[in-house]
Amino acid sequence: MIVPMPTGSETPHAAHADQAMEVLDALVIGAGFSGLYQLYRLREAGFKVRLFEAGSDLGGVWHWNCYPGARVDSHVPNYEFSIEAVWRDWVWTERFPSWEELRRYFHHVDQVLGLSQDIRFNARVTHAHFLDDDNLWEVTCADGHRLRTRYLLPCLGFASRPYLPDLPGLGQFEGICHHTAHWPQAGLDLSGRRVGVIGTGASGVQMVQEASKVASHLTVFQRTPIIALPMQQQRLDAAEQRAMKAQYPELFRRREASNGGLWDVRPDRRSALEVSDDERHAIFERAWNDGGFHFWTGTFRDILTDARANRLIYDFWRERTRARVHNPLLAEKLAPEQPPHPFGTKRPSLEQWYYEAFNLPHVDLVDLKDTPITSITAAGVQTTTQHVALDVLVLATGFDASTGGLTQIDLRGTDGASLAQSWSEGVRTFLGMGVPHFPNMLMLYGPQSPTAFWNGPASAEVQGDWVVQCLVHLRAQGITRIEATAQAAQAWHRHMDMLAHSTLLPQADSWYMGANIPGKPRQLLSHAGTRVYMDACRKSAAEGYAGFTLA
Ligand code: NA7
């Protein structure tokens, strides 16, 4: 039995057709980092603002992704708000916190900032239509609740629409089947069960690690080997963290100024090709030991732009990784001699014992390139050569990333077309925030801003401050309408394309490129340069919001 993914609110309510329609200055959608920051700052600035959240609690991805082992891959104290009232009394237990700890953090944020009084939970926005004569959005939730708002601020994150592949027979499976992003909130015990995991992205890797400890048998269905990097997880000491707090303002300043939003991950300015073999090796080694994303973006400046530099780091990674897998055939499947794609052009997951898990006698790898899945049966997974009987099937198959959360809402602007229709040939935005024909809508952490290459809380604050300042400016000028121009969006598209082709990113069939979803236009969905991006945002603001029409 496949458990259907929610399309409406988690707890449906009766329709509210007769209620008096509330009119807000701003409606924020989504209670993750971006949405909460908008709510907090806009409220401080005196706007009448509310937040609608589809889930029953705060946290965004950390509400939905509660599968075993789900944890963030940006290390603290990067992965938190820089608001002193929030960080002053908060300490983490792990360098890369689990979803459980992140949820506790969000509750702490709520306690300090008092946010949930302005949040409507179980409120999934299904429609938002712009009323041209009034310069207002009319917004409808799945439960029928409606209101109007001057500004609409979708803060949906990049992973709010899970992707379920079209596997023949998926609905016939009689065991338990969940997508990782819709794991049961009450948990699911995998002990002693035959578990299958389809997908080896970040979610698959985390799931496999945990399932390998308790399942009676674990089968990992791999289509493309992931280039997973050592997390180098650490327990954190509360006293040490408190002692470090004096430096936090400076760390957060550096985070804000950094490319990518991690204050301590910076590549050497040199090319990997211009140093000696020994020096290169030492720099790779240091980054490997530092863990996390140090090994992805913290070695040399040309790892993601030069194929030869890229191959050098891949070979280092492969040598280290192969050494951890006992069976040489399996090692070749997991870390092949020929890179499946250039290193780092698909999101490199962080792992702790992923590769060692394959040394366990009850863990199997099925290579779907050699033996594809032909169907899902009532009892398991049928490939071209075998039937794997399962009690639990986990779909770690990713997301319609970046755009899916937005296009699943019936968003309609001034020309009657939905956002999904407007973007059917590809995304067009200005600065990843404004969309032509969709006035008074500014997206946070959306497509064509640095999103996937920007630490979430850093983006929530830096991009978020730009939006707040923009709305304050509009209010001060008595302006009630802002809309990205088609020319600015076209120029931004060319800029994005130029940036994409200055890197190796287009060479991978990744969700960065929209290439994981059949039929989705292929384009780089996240801007690959935070500093260049923020310079463009600041320039627009300094020129009176150039690229937008104000009225
Ligand atoms: P990802 O990174 O998109 O991974 C999805 C995985 O699912 C990936 O290994 C895919 O293989 C695999 N997949 C997708 N469709 C299929 C089908 N039809 N058959 C077999 N395998 C399939 O999603 P995650 O949830 O792991 O991570 C998303 C982000 O969330 C992550 O990067 C972090 O930023 C947090 P493929 O590689 O396409 O061959």
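Residues numbered from 1 in each chain as written. Predicted model: local features only at pLDDT ≥ 70, side-chain atom pairs only at ≥ 80, totals over all residues. Heavy atoms only, no water.

## Some remarks on unusual backbone geometry
A cis geometry characterises the amide bond from Val 76 onward to Pro 77, with omega recorded as 10°. A positive phi angle is found at Asn 122, which is not glycine, with a value near 55°. On the secondary structure map, Asn 122 appears in the loop between β3 (119-120) and β4 (125-131). Positive phi, normally seen in glycine, also occurs at His 437, with a value near 75°. Mapped onto the fold, His 437 is located in the loop between α14 (419-422) and α15 (456-477). Under the relative-accessibility criterion, His 437 is labelled partly exposed at 36%. (Helix = DSSP H or I, 4+ residues; strand = E, 2+ residues; numbered from the N terminus. Buried < 20%, exposed > 50% of the residue type's maximum accessible area, 1.4 Å probe, protein only.)

## Topic: the pattern of salt bridges
Two side chains with opposite charge may pair up if their charged atoms get near one another. Tallied over the full model, the rule gives 36 salt bridges. The partner of Glu 94 in a salt bridge is Arg 71, with the nearest N and O atoms 2.9 Å apart. Residue Glu 94 is located in the loop between α3 (84-87) and α4 (99-113), and its partner Arg 71 is located in the loop between α2 (61-64) and α3; the two are separated by 23 residues in the primary sequence. We note that Glu 94, like Arg 71, is buried. Among the charged side chains, a network of salt bridges with common partners joins Glu 22, Arg 43, Arg 50 and Asp 118. (Salt bridge = Lys/Arg side-chain N within 4 Å of Asp/Glu carboxyl O.)

## Things to note about the sheet that holds strand β7 (residues 176-179)
Taken together, 5 strands build an open sheet; the order of strands is β7-β16-β8-β9-β12 and the sheet is parallel. Each of the sheet's edge strands pairs with one partner strand only, and the pair in question is β7 and β12 (363-367). Shown here is a sheet whose adjacent strand axes are inclined to one another by a mean of 15°, direction ignored. Sheet analysis places β7 next to strand β16 (residues 392-395), joined by 4 bridges and oriented parallel. (Pairing = 2+ DSSP bridges. Axes fitted to C-alpha atoms, helices over the stretch in contact; angles between N-to-C directions.)

## A short note on the packing of helix α1 (residues 33-44) against α4
Relative to each other, α1 and α4 sit at 5°, their axes nearing to 12 Å. If you check the angle between α1 and α4, you find them roughly parallel. Within the contact between the two elements, α1 uses Phe 33, Leu 36, Tyr 40 and Arg 43 and α4 uses Tyr 105, Phe 106 and Leu 113. Across the contact of α1 with α4, the residue classes break down as 6 nonpolar, no polar and 1 charged. (Parallel < 35°, antiparallel > 145°, perpendicular 65-115°, else oblique. Contact = heavy atoms within 4.5 Å. Nonpolar A, V, L, I, M, F, W, Y, C, P; charged D, E, K, R; others polar.)

## Some thoughts on the pairing of β16
On any regular strand, side chains alternate: one points to one face of the sheet, the next to the other face. Here β16 shows a buried face lined by Val 392 and Val 394 and a second buried face lined by Leu 393 and Leu 395. Judged from the 4 bridges that link them, strand β8 (residues 194-198) and β16 form a sheet pairing that is parallel. Residue Gly 196 lies in a different strand from β16, and its bridge partner there is Leu 393.

## Some details on empty space enclosed by the protein
Evaluated as defined, the whole model comprises 3 cavities of 30 Å³ or more. Estimated volume of the largest cavity: approximately 50 Å³. Tallied by class, the residues present in the lining of the largest cavity amount to 6 nonpolar, 5 polar and no charged. In this structure, the second largest cavity occupies an estimated 40 Å³ of space. In terms of lining, the second largest cavity is formed by Gly 69, Arg 71, Gln 206, Gln 209, Glu 210, Met 231, Leu 350 and Gln 352. With 3 residues, helix α5 (residues 202-214) is the largest single contributor of residues to the lining of the second largest cavity. Class assignment for the residues of the lining of the second largest cavity results in 2 nonpolar, 4 polar and 2 charged. (1 Å grid on protein atoms, 1.4 Å probe; cavity = no way out; pocket = protein on both sides within 12 Å on 5 of 7 lines; lining within 4 Å. Points joined across faces, edges and corners; volume = space filled by probe spheres on them.)

## Let's talk about the nonpolar core
Within the largest apolar cluster, 119 residues are counted, with the highest numbers of intra-cluster contacts made by Phe 295 and Trp 466. Of the residues forming this core, the biggest block, 9 residues, is contributed by α15. Contact partners of Phe 295, with chain neighbours within four places excluded, come to Leu 229, Phe 284, Ala 287, Trp 288, Ile 313, Phe 316, Trp 317 and Phe 343. Counting residues in hydrophobic clusters, the runner-up holds 25 residues, among them Val 125, Leu 156, Trp 423 and Phe 438. (Core = buried A, V, L, I, M, F, W, Y, C linked by side-chain atoms within 4.5 Å.)

## As for the site of the ligand
Taken together, 19 residues lie around the ligand, and Thr 200, Ser 203, Arg 223, Thr 224 and Lys 346 are the ones closest in. Within the contact set of the ligand, an oxygen atom lies 2.5 Å away from a side-chain nitrogen or oxygen of Thr 224. Against a free-state accessible area of 770 Å², the protein chains account for coverage of 85% of the ligand. Class assignment for the residues of the shell around the ligand results in 9 nonpolar, 7 polar and 3 charged. (Near = heavy atom within 4 Å. Polar contact = N/O pair within 3.5 Å; in protein donor to acceptor, adjacent residues only side chain to side chain. Areas by Shrake-Rupley, 256 points an atom, 1.4 Å probe, with all protein chains shown as cover.)

## What to know about the packing of aromatic side chains
Per the counting criterion, the structure on display carries 37 aromatic pairs. Between Phe 33 and Phe 106, the ring centres sit 4.8 Å apart and the planes meet at 55°, which makes this aromatic pair tilted. Separated by 73 residues along the polypeptide, Phe 33 in helix α1 and Phe 106 in helix α4 bring together distant segments of the chain. Exposure class is identical for Phe 33 and Phe 106. Each is buried. These aromatic residues form a ring-pair network of at least three members: Phe 33, Tyr 37, Tyr 40, Trp 62, Tyr 79, Phe 81, Trp 90, Trp 92, Tyr 105 and Phe 106. The cationic tip of Arg 120 hangs over the ring face of Phe 52; the distance from NZ or CZ to the ring centre is 5.9 Å. Taking the ring centre of Phe 47 as reference, the NZ or CZ of Arg 475 above it sits at 4.1 Å. (Phe/Tyr/Trp six-rings, centres within 6.5 Å; stacked < 30°, edge-to-face > 60°. Lys NZ or Arg CZ within 6 Å of the ring centre and 35° of its normal.)

## Description of the packing of α1 against α15
Following both chains from N to C, one finds α1 and α15 inclined at 40°, their axes separated by 9 Å at the closest point. In this structure, α1 crosses over α15, and the sense of that crossing is right-handed. Contacts between α1 and α15 involve Phe 33, Ser 34, Tyr 37, Gln 38, Arg 41 and Leu 42 from the former and Pro 457, Ala 460, Glu 461, Gly 464, Asp 465, Val 467, Val 468 and Leu 471 from the latter. Across the contact of α1 with α15, the residue classes break down as 8 nonpolar, 3 polar and 3 charged. (Left-handed = near helix turned anticlockwise from the far one by under 90°.)

## A look at the environment of Val 28
Its location among the elements puts Val 28 in strand β1 (residues 22-29). Along the sequence, Val 28 and Val 265 sit 237 residues apart, while their C-alpha atoms lie 31 Å from each other. Setting aside residues no more than four positions away along its own chain, Val 28 makes contact with Gly 35, Gln 38, Leu 39, Val 49, Arg 50, Leu 51, Phe 52, Leu 153 and Cys 155.

All quantities given are derived from atomic positions and should not be read as evidence of function.
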